[in-house]
Amino acid sequence: MSTPGFTSEVETVMVHQRETISRLPAYKQGATAGDSGAFKLSSNENPFPPLASVTRAIASALGEIHLYPSMAVAELTDRIAARFDVATENVAFGAGSVEVLSQLIHASAGAGDEVIFAWRSFEAYPILVQVAGATPVPIALTDDECHDLTAMAAAITPQTRLILVCNPNNPTGAFVTTDELHAFMAQVPADVLVVVDEAYGHFNRDASSAVGIDFFRRYPNVAVLHTFSKAYGLAGLRIGYAIAPTAVAANLRRVALPFGVTELAQRAALASLDAEAELSVRIDEIVGERTRVLSALRASGWRVTDSQGNFVWLRTGDGTDRVNAVFTAEGILARAFPGEGLRVTIGTPEQNDRFLVAAAAALLPVTV
Ligand SMILES: *Cc1c(COP(=O)(O)O)cnc(C)c1O
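Residues numbered from 1 in each chain as written. Predicted model: local features only at pLDDT ≥ 70, side-chain atom pairs only at ≥ 80, totals over all residues. Heavy atoms only, no water.

An unreviewed UniProt entry lists the protein under the name Aromatic amino acid aminotransferase, from Cryobacterium glaciale. The Function (unreviewed entry) comment attached to the protein in UniProt states, word for word, "Aminotransferase that catalyzes the conversion of aromatic amino acids and 2-oxoglutarate into corresponding aromatic oxo acids and L-glutamate." (UniProt positions renumbered as here; feature names shortened; annotations may be inferred.)

Draft legend 1. Up close: the packing of aromatic side chains. If you walk through the whole model with that rule in mind, you get eleven aromatic pairs. Measuring from centroid to centroid gives 5.9 Å for Phe117 and Tyr125, while their planes differ by 55°, and the two rings are tilted. Comparing Phe117 with Tyr125 shows no difference in burial state: the two are buried. Taken together, the ring pairs connect Phe93, Phe228, Tyr232 and Tyr241 into an aromatic cluster. Above the ring of Phe39, the side-chain terminus of Arg354 is found at 3.9 Å from the ring centroid. (Phe/Tyr/Trp six-rings, centres within 6.5 Å; stacked < 30°, edge-to-face > 60°. Buried < 20%, exposed > 50% of the residue type's maximum accessible area, 1.4 Å probe, protein only. Lys NZ or Arg CZ within 6 Å of the ring centre and 35° of its normal.)

Draft legend 2. Spotlight on the UniProt feature "modified residue: N6-(pyridoxal phosphate)lysine" (unreviewed entry) in the protein. UniProt tags Lys230 as "modified residue: N6-(pyridoxal phosphate)lysine" (unreviewed entry). With respect to the secondary-structure elements, Lys230 resides in the loop between strand E7 (222-227) and strand E8 (240-243). Taking relative accessible area as the criterion, Lys230 reaches 14% and is therefore assigned buried. Not counting the four nearest positions on each side in its chain, Lys230 is found in contact with Ser43, Asn44, Asn46, Ala199, Tyr200 and Phe203. (Helix = DSSP H or I, 4+ residues; strand = E, 2+ residues; numbered from the N terminus. Contact = heavy atoms within 4.5 Å.)

Draft legend 3. Just unusual backbone geometry, in detail. A cis amide bond, omega -5°, links Asn167 with the succeeding residue Pro168. Mapped onto the secondary structure, Pro168 falls in the loop between strand E5 (160-166) and helix H8 (178-185). A cis amide bond links Asn170 with the next residue in sequence, Pro171, at an omega value of 15°. Residue position: Pro171 is located in the loop between E5 and H8. Here the phi dihedral of Glu145 falls at roughly 75°; this positive angle occurs in a residue that is not glycine. With respect to the secondary-structure elements, Glu145 resides in the loop between strand E4 (135-140) and helix H7 (149-154).

Draft legend 4. The site of the ligand, seen in detail. In the region of the ligand, 14 residues are neighbours, and Tyr200, Thr227, Ser229, Lys230 and Arg238 sit closest. Between the ligand and the protein, one listed contact pairs an oxygen atom with a backbone N or O atom of Ser97 at 2.6 Å. Residue Ser229 places a side-chain N or O atom 2.5 Å away from an oxygen atom belonging to the ligand. (Near = heavy atom within 4 Å. Polar contact = N/O pair within 3.5 Å; in protein donor to acceptor, adjacent residues only side chain to side chain.)

Draft legend 5. Quick look at the sheet that holds strand E9 (residues 311-314). The sheet built from three strands is open, its strands ordered E9-E12-E11 with antiparallel pairing. Because the sheet does not close on itself, it has two edges, and the strands there are E9 and strand E11 (335-337). Averaged over all adjacent pairs, the angle separating strand axes in this sheet is 15°, with direction ignored. Strand direction decides the pairing type here: E11 and strand E12 (residues 341-345), joined by three bridges, are antiparallel. When the sheet's bridge partners are listed, Phe337 is paired in E12 with Gly341. (Pairing = 2+ DSSP bridges. Axes fitted to C-alpha atoms, helices over the stretch in contact; angles between N-to-C directions.)

Draft legend 6. Molecular detail of helix H12 (residues 276-299). The end-to-end C-alpha distance of H12, which contains 24 residues, comes to 34 Å, matching closely the 34 Å that a straight helix rising 1.5 Å per residue would cover. Along H12, the residues classified as buried are Leu279, Arg282, Ile283, Ile286, Val287, Glu289, Arg290, Val293, Leu294 and Leu297. Those residues of H12 that are buried are in contact with helix H11 (263-274), E9 and helix H14 (349-363). Two residues or fewer past H12, Gly301 is found with a positive phi of approximately 110°. (Expected span 1.5 Å × (residues − 1).)

Draft legend 7. Local environment of the environment of Tyr241. Along the chain, Tyr241 turns up in strand E8. Once the C-alpha coordinates of Tyr241 and Ala52 are considered, the two residues, 189 residues apart in sequence, prove to be 24 Å apart. In this structure, Tyr241 is in contact with Ile80, Phe84, Val91, Ala92, Phe93, Val100, Val224, Leu225, His226 and Phe228, ignoring residues within four places of it in sequence.

Draft legend 8. Region of interest: the confidence of the model for the protein. In the predicted model, the protein carries a mean pLDDT of 94, and 95% of its residues have values of at least 70. Overall, residues 1-9 carries pLDDT values under 50, and its contacts beyond four positions in sequence, including any with other chains, amount to three contacts. (pLDDT = per-residue confidence, 0-100.)

Draft legend 9. Up close: the sheet that holds strand E2 (residues 91-94). Sheet architecture is open: seven strands sit in the order E2-E8-E7-E6-E5-E3-E4, paired in mixed fashion. The open sheet terminates on both sides in strands that have one partner only, identified here as E2 and E4. Pairwise comparison of adjacent strand axes, ignoring direction, gives a mean angle of 25° for this sheet. Direction of pairing for strand E3 (residues 114-119) relative to E4: parallel, over a ladder of six bridges. Following the sheet pairing, Phe117 is matched in E4 by Pro138. The strands touched by helix H4 (residues 74-84) are E2, E7 and E8; relative to E2, the strand with the most contacts, the crossing angle is about 130°. Contacts from H8 reach E5, strand E6 (193-197) and E7, with the element oriented near 160° to E6.

Draft legend 10. Structural context of the packing of helix H5 (residues 97-108) against helix H6 (residues 124-131). Taken N-terminus to C-terminus, the directions of H5 and H6 make an angle of 45°; their axes are 9 Å apart at the nearest point. What the angle tells us is that H5 and H6 run oblique. The two elements H5 and H6 cross, and the hand of that crossing is right-handed. Contacts between H5 and H6 involve Val98, Leu101, Ser102, Ile105 and His106 on the former and, on the latter, Tyr125, Leu128, Val129 and Val131. (Parallel < 35°, antiparallel > 145°, perpendicular 65-115°, else oblique. Left-handed = near helix turned anticlockwise from the far one by under 90°.)

See the structure below:
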């Protein structure tokens, strides 16, 4: 903000700021389409508009937005506890599961503590760890885009406080099997918390995949992270939760942003739970489109790994910028990780068709 003649003073005054924070990259939102007519497939959003019942539930609460929401998120906590057959004490909410993740990190790790996660994975992980003052310990994925749980176990030190397992992994779509996660847990000290981030759990159709809640029941040091943003399509309302050991969940409530979960979000989440049958039809459609997109990509010559998320991963390496430029020219906005690859969200059939055209175009030899 610069007001002519009144600028330099403001800009040169150096107030004390934490060094680590000033150096952090800001979280990057997926590219936005604006009015370009391009399809935004960069943020793993749900392509379906909100259900009418959900919109009605939100509308019915609009007359009360001058009031603070229920801080205890009481009704929804009861619903989630009943649904997963856990105690209400084990459930803790936040403004999106990213906020719950932040709570988990702040409650578990500070200066001098280490947090292990796979990399590349969800880009918020290293940022949130550093915001908490802790040290990120990223462990490279295997060649087939999976968590390298052997290397992650080997990275555990006396300073390790938290381990994040993203299942299925954003952005690669690979998953961790039940057997692999049990073998991993056998190597994790009982006082180190393991968080299974299941933001894409509803899209995961592989029966051999680890299911977080089973691990929560079996181990005293496992927490599960769920969100209403992806499969339930409430990304814009910000609501997610953890199912965590009692003492951990109590700390999450201590760390939480007071009144972070709005009444509109709570009502929308309750209405979504009432509409799960309707939502699961949509989820099935997205999964069906994922299958179609993956086979079409392979048929056109792309080598792609399977994905259990609502997105596909193209390991384009050094060609990432070039391929992304083709996508942009073809009206597809993907999430590009320069030097690594591109993540493309499964959208409507029309959006997916255009993506497939772009992907085929990107495979053609470049003509100068
Ligand atoms: C999208 C996503 C989340 C959830 O974000 P919200 O804050 O709930 O919208 C959490 N973890 C991963 C890995 C994600 O990709």
